[in-house]
Amino acid sequence: MKEVLGVINLYHEKDQLEKLTVNRPLASVPFGGRYRIIDFTLSNMVNSNIKNVAILMNQKYRSLMDHLGNGEDWDLNRKDGGLFLLPAITPVENKMGLTDLRNLYQHLEYFQKAKQEQLLFIDGAKITNMDYRPVFRSHMKNDADITILYPDMFFIKKSIFIELIKEHVENKEVNSLTELIGIVTDQYHVMTYYYQNEVIQVTSIKDYYQVSMKLLELDYFNQLVSKPADIYSKEKDDAPVRYTSSSEVINSLIANGSVIEGQVEGSIIFRGVKVHKGASIKNSIIFQRCEIGENAVLENVILDKEVIISPNQKLISEADQPLVIEKGAVV
Amino acid sequence: MVAMLLAGGEGKRLGSLTYNLAKPAVPFGGKYRIIDFTLSNCTNSGIDTVGVLTQYQPLLLNSHIGNGSPWDLNRKGGGVFILPPFVEKNGGTWYKGTANAIFQNLTFLEHFNPKYVLVISGDHIYTMNYEKMLEFHQENKSDVTIAAIEVPWKEASRFGILNTDSKHQIIEFEEKPIEPKNNLASMGIYIFNYELLKEYLILDEANPKSSKDFGKDVLPKMLMDGLRLNAYPFDGYWKDVGTIESLWEANMDMLEENPPINLNDHQWRIRSVANNQLPQFISKTARIKNSIINEGCYITGEIEHSVLFSGVNVGNNSYIKDSVIMPNARIGENVVIHKAIIGENIIIEDGSFISGLHDEVTIINEKSLKYKSIIPDRKARAGVER
């Protein structure tokens, strides 16, 4: 699929995960003990042999840039093609992303210069594992202008993409390219392809929590990140996990760099987390480099990165309303 | 300063672990290969040009090192260079000794023309700031500095011993002395002034009686000629992992409450090659104490005081104690493993029992064999305490 330019549009992502998306885009939210949501879409593109990917970002792009680097971990550190990050030129004027098309218009030169003649346009990072090649073959065989795989995911001829953006850049009735295509569908040869794989929607904290807890069924998690192909993420040099004489871990995912001296049950522990002696963590999600003090008790919580829980602190919440603690907080 | 890392060793005493693998590529510490420590020491010491001299079974070592980027050694005008023996117009030979190996690569060194050359090997586990050693070398206006460590007196006969004066200047070498006069052992880590190194390597190469070794030939000659050799005292952890026993011991050392090397030390990171693994999964029936476990593992059994590398599966009701399980080994159900090293990709069938007869370390590394009971004796089984 080297004639396809992959485009991941994060421009009008919403802050749908409250505290977790205050300072980062949804695409950058940590997931499954080692991934970020964007890893799925990006890996799917690379696994489908797309060698050139552009990511359109909104203002909260720092953590995403830090995670992606030069694309090396997804095999996108290339002279010919590779990863291209396009930060927003026009700030998002309101939550409905009214200037999404204007932002695409500002980057038009990039698209015009790209040598690929087809685009795979994905609006918003999606948690799924998919090979796009069969869809692309169908798109080409039918000589379609646009082939829609899923809401927010479509193949589109580059010439038509550019035409649409130029024509509708000032159109205030339209919030996104996806919406625009819905409107102009009669004017073009548009096909749809029925996509059967699961696409995991994460539109609320509750969704995020439930989806995460499901990953503790390891067969399910393994399937999600390896079939049909492996999902890649940024590699780090953290040491293997240390367990001491007081460790008690049951039914949990533990990432490297962590030191577990306490109890962990039914939880996801990201990299570099320190769980002190006597601490108890149950049904929770603990992001990178948190520190859980001695004898603290956590149940049904989500801790963003670098949170410090003081000794003896108790944070107990309900499974259908998990408590979220913002990044860097000291409790 | 350019570093020359001698990584050609076979490590015969590691038995089957080095049949297809050079010693520096042997897995260690749950995640690393032995050479990762020396390479990381170079990067952390600010050395960005490293020649790695390979010879024995280099394939895996070469692919592990690659272009050096895991250690930040993929650099313009420097970086890591793999230096195997090579043929030129006048022929070529395998490396005949530590000194000959460097001699054969003088062209490489000439290209960089450094002021100093650091000679190290890739078969010890230790952390050291070579920059500080260089400062010591410069302060003492030495011609050569040799890093040295005090060893227990009863072990001194196994080492190259350095007899020094009160100012750390070396006055005598004793190679494996029966009655050592000192317990300061050479670590095989040298800093040379490049011009002098060149001169003496050429001299040594021309000497038919020389065994082409630094410790036995070049350094004693330099001393005899009145050059200034100093011992740089080192007192951290330094472990030669050249035997099955010592490799096992070094892994066990990492399990101490305050391990001799803190693998989580962000100020001195030990870097290695990662391979896209899931975080480890610890199941409902697992019990883990005092262990180090790497990503990609799936644990349903009991692990006590052991080191598990990536992708290891441990089945239900199995019990692993005081052991080292290398990458992607699969341990079945109802298995008992005590004081053993299980090699990469080895499958241990359900119900197996593995333990040494006399408290020695058992090594299981033959893929063609399926392991059942190593010790069928029931008394021995009862001796493994939970």
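About the criteria used
Residues numbered from 1 in each chain as written. Chains lettered and ligands numbered in written order. Predicted model: local features only at pLDDT ≥ 70, side-chain atom pairs only at ≥ 80, totals over all residues. Heavy atoms only, no water. Pairing = 2+ DSSP bridges. Helix = DSSP H or I, 4+ residues; strand = E, 2+ residues; numbered from the N terminus. Axes fitted to C-alpha atoms, helices over the stretch in contact; angles between N-to-C directions. Buried < 20%, exposed > 50% of the residue type's maximum accessible area, 1.4 Å probe, protein only. Contact = heavy atoms within 4.5 Å. 1 Å grid on protein atoms, 1.4 Å probe; cavity = no way out; pocket = protein on both sides within 12 Å on 5 of 7 lines; lining within 4 Å. Points joined across faces, edges and corners; volume = space filled by probe spheres on them. Nonpolar A, V, L, I, M, F, W, Y, C, P; charged D, E, K, R; others polar. Phe/Tyr/Trp six-rings, centres within 6.5 Å; stacked < 30°, edge-to-face > 60°. Lys NZ or Arg CZ within 6 Å of the ring centre and 35° of its normal. Parallel < 35°, antiparallel > 145°, perpendicular 65-115°, else oblique. Buried area = accessible area lost by both parts, 1.4 Å probe. Salt bridge = Lys/Arg side-chain N within 4 Å of Asp/Glu carboxyl O. Polar contact = N/O pair within 3.5 Å; in protein donor to acceptor, adjacent residues only side chain to side chain. Right-handed = clockwise from strand over helix to strand, strands pointing away.

A. Focus on the sheet that holds strand β17 (residues 280–282) of chain A. Residues and elements named next belong to chain A. Pairing is parallel in the open sheet, where five strands are placed in the order β11-β14-β17-β20-β23. With partners counted over all chains shown, the strands left at the sheet margins are β11 (248–250) and β23 (314–316), one partner each. Sheet twist, expressed as the average angle between the axes of neighbouring strands with direction ignored, equals 5 degrees. Taken together, the three bridges between strand β14 (residues 263–265) and β17 define a ladder with parallel strand orientation.

B. Examining the environment of V184 of chain A more closely. All names here are of chain A. Within the element layout of this structure, V184 appears in helix α7 (residues 177–184). Residue V184 is classed as buried on the basis of its relative accessible area of 2%. As a C-alpha pair, V184 and K141 span 43 residues in sequence and 22 Å in three-dimensional space. If we ignore the near neighbours within four places in the chain, the residues touching V184 are L164 and H168.

C. Representation of empty space enclosed by the protein. Per the stated rule, a full pass over the model turns up three cavities of 30 Å³ or more. Grouping the constituent residues of the lining of the largest cavity by class yields no nonpolar, two polar and seven charged.

D. Geometry of the layout of surface pockets. Residue and element names in this part refer to chain B. Computed from the structure, the second largest pocket encloses a volume of approximately 1,700 Å³. For the second largest pocket, the lining is made up of 49 residues, of which K23, D123, H124, K176 and D240 are closest to its centre. In the lining of the second largest pocket, the residues fall into 18 nonpolar, 15 polar and 16 charged.

E. Examining the packing of aromatic side chains more closely. All names here are of chain A. Applying the stated criterion to the full structure yields 25 aromatic pairs over all chains. Ring centres 4.9 Å apart and planes at 65 degrees place the aromatic pair F111 and F161 in the edge-to-face group. Of this pair, F111 sits in helix α4 (residues 108–113) while F161 sits in helix α6 (residues 158–168), and the two are 50 residues apart along the sequence. Neither residue differs from the other here; F111 and F161 are each classed as buried. Through successive ring pairs, a cluster of aromatic residues spans F31, Y35, F40, Y208, F221, F270 and F287. The side chain of R34 reaches across the aromatic face of Y35, ending 5.0 Å from its centre.

F. Representation of the sheet that holds strand β5 (residues 82–87) of chain A within the structure. Residue and element names in this part refer to chain A. If you walk across this open sheet you meet the seven strands as β5-β4-β1-β6-β8-β7-β9, and the pairing is mixed. The open sheet has two edge strands, β5 and β9 (190–192), and neither has a second partner. On average, each strand axis in the sheet is inclined to that of its neighbour by 20 degrees, with strand direction left out of account. For strand β7 (residues 146–150) and strand β8 (residues 153–157), the ladder comprises four bridges, and the chain directions are antiparallel. Following the sheet pairing, I146 is matched in β8 by I156. Relative to β8, α6 is tilted by about 100 degrees, and along the sheet it contacts β6 (118–123) and β8.

G. Summary view of unusual backbone geometry. Here the residue pair K227 of chain A and P228 of chain A is connected by a cis peptide bond, since its omega of 5 degrees sits within 30 degrees of zero. Looking at the element boundaries, P228 of chain A is found in the loop between α9 (218–226) and β10 (241–243). Of note in this structure, N317 of chain B is not a glycine but carries a positive phi near 70 degrees. Among the structural elements, N317 of chain B can be located in the loop between β20 (313–314) and β21 (319–321). Phi at N345 of chain B takes a positive value of approximately 60 degrees, unusual for a residue other than glycine. In this structure N345 of chain B comes out as partly exposed when scored by relative accessible area, which is 39%.

H. Looking closely at the packing of α6 of chain A against α7 of chain A. All names here are of chain A. Between α6 and α7, the least distance of the axes is 11 Å, while the angle of their chain directions is 95 degrees. As summarised for this structure, α6 and α7 are arranged roughly perpendicular, according to the angle between their axes. For the pair α6 and α7, the contacting residues are F161, L164 and H168 in the first and L177, L180, I181 and V184 in the second. Looking at side-chain class alone, the contact of α6 with α7 contains six nonpolar, one polar and no charged residues.

I. Quick look at the interface of chain A and chain B. Across the boundary between the two partners, chain A contributes 38 residues, which contact 38 residues of chain B. Where chain A abuts chain B, roughly 2,800 Å² becomes buried across the two surfaces, and 48% of that area is made up of carbon and sulfur atoms. Counting every contact that joins chain A to chain B gives one salt bridge. When the shortest N-O distance is used, the salt bridge between R271 of chain B and D237 of chain A registers 2.8 Å. Summed over the shared surface of chain A and chain B, the number is 21 residue pairs in polar contact (both at pLDDT 80 or more). Of all elements in the fold, only α9, β10, β11 and β12 (252–254) of chain A reach the threshold of two or more residues within the side of chain A that touches chain B. The leading source of residues in the side of chain A that touches chain B is α9 of chain A, at four residues. Here the residues of the side of chain A that touches chain B are counted per class, giving 17 nonpolar, twelve polar and nine charged. Where β12 of chain A meets strand β14 (residues 280–282) of chain B, three bridges bridge the pair, whose relative direction is antiparallel. Bridge pairing in β14 of chain B links L253 of chain A to F281 of chain B.

J. Molecular detail of the pairing of strand β9 (residues 160–164) of chain B. Residue and element names in this part refer to chain B. Summarising burial for β9: four of the five residues are buried, a large majority. Taken together, the five bridges between β9 and strand β10 (residues 170–175) define a ladder with antiparallel strand orientation. Looking at β10, one finds that I161 is bridged to E174. The hairpin formed by β9 and β10 contains five residues between the paired strands, and H168 there has a positive phi angle of roughly 70 degrees.

K. Structural view of the pattern of salt bridges. Residues and elements named next belong to chain B. Counted by the stated rule, this structure contains 31 salt bridges over all chains. A salt bridge links R287 to E302; the nearest nitrogen and oxygen atoms lie 3.9 Å apart. Of this pair, R287 sits in strand β15 (residues 287–289) while E302 sits in strand β18 (residues 302–304); the two residues are 15 residues apart in sequence, bridging distant segments of the chain. Residue R287 is classed as partly exposed on the basis of its relative accessible area of 48%. Its relative accessible area of 16% is what places E302 among the buried residues.

L. Quick peek at the pairing of strand β4 (residues 49–53) of chain B. Residues and elements named next belong to chain B. Buried residues dominate β4, accounting for five of its five residues. Residues T49, G51 and L53 line one face of β4 and the alternating positions V50 and V52 line the opposite face, and both faces are buried. Of the pairings in the sheet, the one linking strand β1 (residues 2–6) to β4 comprises four bridges and is parallel in character. For M4, the partnering residue across the bridge sits in β4 and is G51. As judged from the five bridges shared by β4 and strand β5 (residues 79–83), these two strands associate in the parallel manner. Within the sheet, the bridge partner assigned to L53 lies in β5 and is L83. Following the chain from β4 across helix α2 (residues 59–65) to the adjacent parallel β5, one finds a crossover that is right-handed.

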